[in-house]
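The lines below spell out each chain.
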Amino acid sequence: MTQLAIEVGALAKVFGGLAAVDGVSLSVPAGERRVLIGPNGAGKTTLFHCITGTLKPTRGSVRLFGRDVTRDPEHRRTALGMGRTFQITNVFPDLTLLENMTLAIVGTDRRKWVMHRAVAAFADVRRQALEGLEAVGLAGRAAQPVKLVSYGERRQLELALALNTRPKVLFLDEPCAGLSPSERQRISKMIAGLPRDITLVMIEHDMDVALGLADRVTVLHQGRVILEGTPDEVRANAEVREVYFGHG
Amino acid sequence: MDRGRLALSLIALAAALALPFVAGPFWTGLATQMYIFGLLALSVDLLLGHAGLFSLTHASFFAVSAYTVAILQVRYAVPTTLAAPAGILAGTLLAAVFGISVRTRGVYFILITIALGYVVWGVAHRWSSFTGGDNGVTNVPFPAIGGVGITSHTQYYYLVLAVILLCALGYRVLIRSPFGLGLRGIKASETRMQSLGYRTSAHLYAAFVLSGALASLAGVLYVYYNRFVNPVASSFPISVEAALMAIVGGSGTIIGPFLGAGVVLGLRNWVSSFFEMHHAIMGAVFIATVLWAPDGLVGIAARLRARFSRPKEPGP
């Protein structure tokens, strides 16, 4: 039996009186590509926040490769191998793309504490940053501040940042949100091309992208899991068609 | 560094070195103050311009350091070689305690630093038996290392100049280091930094203590220049002025806080010679800066440079 990369146990997150996530249990084996789908307000992003540590769950537990990380702060989970992107692009607008990448690369090792040496003196960091940008097709933009590049390019950078924290499990929150069809294709190709030893958990609204990438799909509705299965099983399920596609 | 900036730096350095010879003691004294308060403003700006934290308690570290030096030198005849480091240590230790304020953000951070600043001012003001109350501690000697001592304000000017140049160089390395880049990352998006593996409070705490150490060094330079220290050094207006200097000069730069210190001190000297309510003028300068030149003097210079060096656009 393969090891479980992520194990979420009876997780709930309550805002005021509203249970955004209402007792979700989820197991993702190492190396699997899991896509979460569900209508707006299903609790997908909140679940993500709770798993990666951005939010504290009200109840329940999160395990990463068998280790209980429920009480670990976000930076600790990143150090243990979680990487994530944000649904609403969350990069550093005043910094150059190269500086953005540098932050991601040194963030998971001790070099982030170095005070007596200029960033420019770390040739290997620079090389890795340029390679990372190259991998998402942004090599030509390295010296530009993020605020001068297009939205699509920021989404690519968003992905590159997450990839360069050396994640074992990567959480992608709607990586294609707001992109044009051609950019969409480019990003989903990039995701499909990621090494298979990275476990992937992804929220995606675009059913073609979602069902094309997923090994298995989890369907959320009103904070609960209503179905888990292969893309074909999900496609065929009547309940999913009802809540997700809005027709029977 | 490009050639233009290098040339400009060398000219500025030459002017600074020549100043005591070409200008009288008044200007030399004003320049010394500008360096000292510029250093204080620079320390505030490590948090303000890089990490995005608006501290209003930096007069505390400045004053605790100055008081420590003054009390050790005057009452216990401790030599400069011990008193000066003790001053920096005392101010830095206080910063290590006040650093708990980085648990808060935004307006709460500002409020808590104001409150902490008032605690120090209250102690300086009320604990007369130790701090000398309103009179403070007077008759602080010029600094002396071994048998070699400073004997004039001109000599002291050069000492201060040397210290701030070293600080500026060190600061330059710091803000270009991975740590310094991390601070700018936190200023831009703390949530993203956490998801990249940064324990952001630890980073901000370290920056706060470093910044406090720099303010303490400014306090040492101040007390040997002023030759006395009283509760005014620890007061809220000093903290505000330090931030004001950084913003007027150009937050996020190294030269900016020093330029800002020059403007604020120069204006105050000039305006107060004929207008009693010179504080009102300072307020007006601050408002004008925030409204029309949020990047300060350095920002204005950059804008002018961009305007004049822009290539001619082809006609229609």
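Here the structure is a predicted model, which is why all the values come from computation and not from measurement.

A. Inspection of the overall build of chain B at higher detail. Counting its regular elements, chain B contains 14 helices and 2 strands. Relative to the 2.2 N^0.38 estimate, which gives 20 Å for 316 residues, the radius of gyration of chain B is 20 Å and therefore close to what a compact globule would have. Overall, chain B is about 75 × 50 × 40 Å in size when its C-alpha atoms are taken along their principal axes. Across the 316 residues of chain B, 48% fall into the buried class. Nonlocal contacts in chain B, meaning residues at least 24 apart in sequence, comprise 76% of its contacts between residues at least 6 apart. Here chain B has roughly 15000 Å² of accessible surface; of this, 69% comes from carbon and sulfur atoms. Distance between charge centroids for chain B: 8 Å, based on 19 positive and 8 negative side chains.

B. Layout of the interface of chain A and chain B. Contacts between the two partners involve 31 residues from chain A, matched on the other side by 25 residues from chain B. Between chain A and chain B, the buried area comes to about 2400 Å², and carbon and sulfur atoms account for 67% of it. Between the two partners, chain A and chain B, sit 2 salt bridges. Residues B:Arg184 and A:Glu99 are paired through a salt bridge, measuring 3.2 Å at the closest nitrogen-oxygen approach. At the boundary of chain A with chain B, the tally comes to 14 residue pairs in polar contact (both at pLDDT 80 or more).

C. Layout of helix H10 (residues 200-226) of chain B. All names here are of chain B. In a regular helix each residue adds 1.5 Å, so 27 residues correspond to 39 Å; H10 covers 38 Å between its end C-alpha atoms and thus fits that length. Within H10, 22 of the 27 residues are buried, which leaves the element mostly enclosed by the surrounding structure. Where H10 terminates, the next one or two residues include Arg227, which has phi positive at roughly 70°.

D. How the structure looks around the packing of helix H3 (residues 58-76) of chain B against helix H4 (residues 80-98) of chain B. Residue and element names in this part refer to chain B. For the pair H3 and H4, interaxial distance at closest approach is 8 Å and the crossing angle is 150°. Helix-helix and strand crossings are classified by hand; for H3 and H4 the assignment is right-handed. Residues Ser60, Phe61, Val64, Ser65, Thr68, Val69, Leu72 and Gln73 of H3 lie in contact with H4, whose contacting residues are Thr80, Ala83, Ala84, Ala86, Gly87, Ile88, Ala90, Gly91, Leu94, Ala95 and Phe98. Of the residues belonging to the contact of H3 with H4, the class tally is 12 nonpolar, 7 polar and no charged.

E. Local environment of the sheet that holds strand E8 (residues 199-203) of chain A. Residue and element names in this part refer to chain A. Reading across from one edge, E6-E7-E8-E3-E9-E10 is the order of the 6 strands in this open sheet, with mixed pairing throughout. Each end of this open sheet is capped by a strand with a single partner; those strands are strand E6 (82-84) and strand E10 (224-229). Strand-to-strand twist of the sheet, defined as the mean angle between neighbouring strand axes without regard to direction, takes the value 20°. In this sheet, E10 lies alongside strand E9 (residues 216-221) in antiparallel orientation, the contact comprising 5 bridges. Residue His221 lies in a different strand from E10, and its bridge partner there is Arg224. Of the strands in this sheet, strand E3 (33-37), E6, strand E7 (169-173), E8 and E9 touch helix H1 (residues 44-52), which is tilted by about 150° from E7.

F. Spatial organisation of a nonpolar patch on the surface. All names here are of chain B. There is a patch of nonpolar side chains on the surface, built from Ile255, Leu259, Leu297, Ile300, Leu304 and Phe308 and spanning about 560 Å² of accessible area. If you list the elements that add at least two residues to the nonpolar patch, you get helix H12 (255-271) and helix H14 (296-309). Element by element, the count of residues in the nonpolar patch is highest for H14, at 4 residues. Relative to the helices and strands, Leu259 is located in helix H12.

G. Inspection of the domain arrangement of chain A at higher detail. All names here are of chain A. Domain parsing of chain A yields domain 1 (1-81 + 167-248) and domain 2 (90-166). The C-alpha-based centres of domain 1 and domain 2 are spaced at 26 Å. Taken together, the 19 residues of domain 1 in the interface contact 13 residues of domain 2. Taken over both partners, the interface formed by domain 1 and domain 2 buries close to 1200 Å², and the fraction arising from carbon and sulfur atoms is 69%. Its largest share of buried area at the contact with domain 2, domain 1 owes to Pro167, Arg186 and Met190, together 36% of the area lost on that side. Summed over the shared surface of domain 1 and domain 2, the result is 0 salt bridges. The tally of links between domain 1 and domain 2 comes to 3 residue pairs in polar contact (both at pLDDT 80 or more). Every element with two or more residues in the side of domain 1 that touches domain 2 is listed here: helix H2 (74-80), E7 and helix H6 (181-192). Of the residues forming the side of domain 1 that touches domain 2, the biggest block, 5 residues, is contributed by H6. Of the residues contributing to the side of domain 1 that touches domain 2, the split by class is 12 nonpolar, 2 polar and 5 charged.

Rules of the game
- Residues numbered from 1 in each chain as written.
- Chains lettered and ligands numbered in written order.
- Predicted model: local features only at pLDDT ≥ 70, side-chain atom pairs only at ≥ 80, totals over all residues.
- Heavy atoms only, no water.
- Helix = DSSP H or I, 4+ residues; strand = E, 2+ residues; numbered from the N terminus.
- Rg over C-alpha atoms; globule rule 2.2 N^0.38 Å.
- Buried < 20%, exposed > 50% of the residue type's maximum accessible area, 1.4 Å probe, protein only.
- Contact = heavy atoms within 4.5 Å.
- Areas by Shrake-Rupley, 256 points an atom, 1.4 Å probe, with all protein chains shown as cover.
- Lys, Arg positive; Asp, Glu negative; His and termini not counted.
- Charge placed at Lys NZ, Arg CZ, Asp CG, Glu CD.
- Buried area = accessible area lost by both parts, 1.4 Å probe.
- Salt bridge = Lys/Arg side-chain N within 4 Å of Asp/Glu carboxyl O.
- Polar contact = N/O pair within 3.5 Å; in protein donor to acceptor, adjacent residues only side chain to side chain.
- Expected span 1.5 Å × (residues − 1).
- Axes fitted to C-alpha atoms, helices over the stretch in contact; angles between N-to-C directions.
- Left-handed = near helix turned anticlockwise from the far one by under 90°.
- Nonpolar A, V, L, I, M, F, W, Y, C, P; charged D, E, K, R; others polar.
- Pairing = 2+ DSSP bridges.
- Patch = residues over 30% accessible without salt bridge, like charges linked within 9 Å, V, L, I, M, F, W, Y side chains within 5 Å.
- Domains from an automatic or database assignment.

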